[in-house]
Amino acid sequence: GGGQGAGGNEFRGVYHSGTYGRWKARIVINGQKIHLGTFATPEEAARAWDREAIAQRGADTMLNFSIEDYTSDDTKSRVRDSEGDAPMAEAASPREG
């Protein structure tokens, strides 16, 4: 609580790096600060933060962007893979040769 916007942006977990003029993403999990990397734009950093927040805390956590931005791509495909949809793609590949 408090201190939001100190880095001059509106995103959670995003900080401006004055040294390089880039944006850093950092998340705190169980009191541990996890550095997620530096990014060219605050939006990129915010998305990295969101993905980590979903991975660590689940899809109902507070995010910078809509959960729909993430459930439509890699988070959903990861779930699908574990349920065994993959063999269909394998079955189709021999015809390509």
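All of the points below concern the structure found in this document. None of these values were measured; they are calculated from a predicted model.

Reading the values: the criteria
- Residues numbered from 1 in each chain as written.
- Predicted model: local features only at pLDDT ≥ 70, side-chain atom pairs only at ≥ 80, totals over all residues.
- Heavy atoms only, no water.
- Helix = DSSP H or I, 4+ residues; strand = E, 2+ residues; numbered from the N terminus.
- Contact = heavy atoms within 4.5 Å.
- Areas by Shrake-Rupley, 256 points an atom, 1.4 Å probe, with all protein chains shown as cover.
- Pairing = 2+ DSSP bridges.
- Phe/Tyr/Trp six-rings, centres within 6.5 Å; stacked < 30°, edge-to-face > 60°.
- Buried < 20%, exposed > 50% of the residue type's maximum accessible area, 1.4 Å probe, protein only.
- Lys NZ or Arg CZ within 6 Å of the ring centre and 35° of its normal.
- Axes fitted to C-alpha atoms, helices over the stretch in contact; angles between N-to-C directions.

**Looking at the overall build of the protein chain**
So, point 1. Across its full length, the protein chain holds 4 helices and 3 strands.
So, point 2. Ordering the α and β elements of the protein chain from the N terminus gives β-β-β-α-α-α-α.
So, point 3. Of all intrachain contacts in the protein chain linking residues separated by at least 6 positions in sequence, the fraction that spans at least 24 positions is 19%.
So, point 4. A total accessible area of about 6,700 Å² is found for the protein chain, and carbon and sulfur atoms account for 49% of it.

**Concerning the pairing of strand 1 (residues 14-17)**
So, point 1. Note: strand 1 against strand 2 (residues 22-29), 4 bridges, orientation antiparallel. Residue pairing in the sheet places Tyr-15 in a bridge with Lys-24 of strand 2.
So, point 2. Where strand 1 hands over to strand 2, the hairpin turn is made up of 4 residues, of which Gly-21 adopts a positive phi near 65°.

**Things to note about the packing of aromatic side chains**
So, point 1. Within this structure, the stated rule accounts for 1 aromatic pair.
So, point 2. The interplanar angle of 35° and the centroid separation of 5.5 Å between the aromatic rings of Phe-11 and Phe-65 together place this pair among those described as tilted. With a gap of 54 residues between them, Phe-11 in the segment before strand 1 and Phe-65 in the loop between helix 1 (42-57) and helix 2 (68-71) connect regions that are remote in the sequence. The pair formed by Phe-11 and Phe-65 is uniform in burial state, with each residue classed as buried.
So, point 3. A cation sits over an aromatic face here: Arg-26 above Tyr-15, 4.4 Å from the ring centre.

**Concerning the side chain of Asn-64**
So, point 1. Looking at the secondary structure, you find Asn-64 in the loop between helix 1 and helix 2.
So, point 2. In this view, Asn-64 contacts Phe-11, Arg-12, Ala-46, Trp-49 and Asp-50; residues no more than four positions away in its chain are not counted.

**Some remarks on the sheet that holds strand 1**
So, point 1. Reading across the sheet, the 3 strands line up as 1-2-3 and stay open at both edges, with antiparallel pairing between neighbours. Each end of this open sheet is capped by a strand with a single partner; those strands are strand 1 and strand 3 (32-39). This sheet shows a mean twist of 30° between the axes of neighbouring strands, independent of strand direction.
So, point 2. Contacts from helix 1 reach strand 1, strand 2 and strand 3, with the element oriented near 15° to strand 2.

Purely geometric numbers; function is a separate question.
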